[in-house]
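Listed here are the chains, written in short residue letters.
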Amino acid sequence: ESAATAAGAFDASGLTVYLKDVVTLCLENRPEDPVAFVAEYLRRVTRGASPVSRACQYLRLAPHHRRAFVDNAVVAHAVLCGDATGGAAKRLGVHPEDHRAVLREICARLP
């Protein structure tokens, strides 16, 4: 089997998108335990986490004063707008119920 065929099969699996995403998130957010971070990310992918859960995960990745937080907030918004990859939104805006659910989950962890 040629390298091109193997690479094509790998890309067709969709794993490439997730690997690029998790590596980018690790580089931007610098988690204390990168291996645990990657494992948790892949667990969420395989379990099919809800958009609200995924958006909250992105919002918790970096402290709000770091540039990565703004990037994560943009991706969280895209996820809530119906685009799982953080690209172009499938609908305009965030559904109010999803917005409330994110706020509830984020605020539940406040002291």
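Above this note sits the structure.
Before going into details, it helps to say that this report is about the structure given with it.

Along the protein chain, the regular secondary structure elements total six helices and zero strands. Reading the helices (α) and strands (β) of the protein chain from amino to carboxyl end gives α-α-α-α-α-α. Counting all 111 residues of the protein chain, 25% fall into the buried class. Within the protein chain, counting contacts between residues at least 6 apart in sequence, those at least 24 apart form 44% of the total. Only carbon and sulfur atoms are counted for the fraction: they give 63% of the accessible area of the protein chain, which is about 7,400 Å².

Not every positive phi belongs to a glycine, and Arg30 is a case in point at roughly 45°. Along the chain, Arg30 falls in the loop between α2 (15–29) and α3 (34–47). For Arg30, a relative accessible area of 60% puts it in the exposed group.

Looking at the element boundaries, Ala76 is found in helix α5 (residues 67–80). Residues Ala76 and Tyr58, 18 residues apart in the sequence, show an inter-C-alpha distance of 5.9 Å. Setting aside residues up to four positions removed in sequence, Ala76 forms contacts with Ala55, Tyr58 and Leu59.

Another aspect to go through is the environment of Leu42. Considering the arrangement of structural elements, one finds Leu42 in helix α3. C-alpha separation for the pair Leu42 and Leu19, spaced 23 residues apart in sequence, amounts to 8.9 Å.

Reading guide: rules and limits
- In every chain, residue numbers begin from 1 and rise along the written sequence.
- pLDDT decides what is reported in this predicted model: residues at 70 or higher carry local features, side-chain atom pairs at 80 or more are listed and counted, and totals for whole chains, interfaces and linings draw on all residues regardless.
- The side-chain values count all of the structure's non-hydrogen atoms but skip hydrogen atoms and water molecules.
- A run of H or I in DSSP counts as a helix once it spans at least four residues, and a run of E counts as a strand once it spans at least two, with each numbered from the N terminus.
- Partly exposed describes any residue whose relative accessible area lies between the buried limit of under 20% and the exposed limit of over 50%, with all areas from a 1.4 Å probe on protein chains only and scaled to the type maximum.
- Should any heavy atoms of two residues lie within 4.5 Å, those residues are counted as being in contact.
- Accessible surface area values rest on a Shrake-Rupley calculation with a 1.4 Å probe, where residue burial reflects the displayed protein chains alone.

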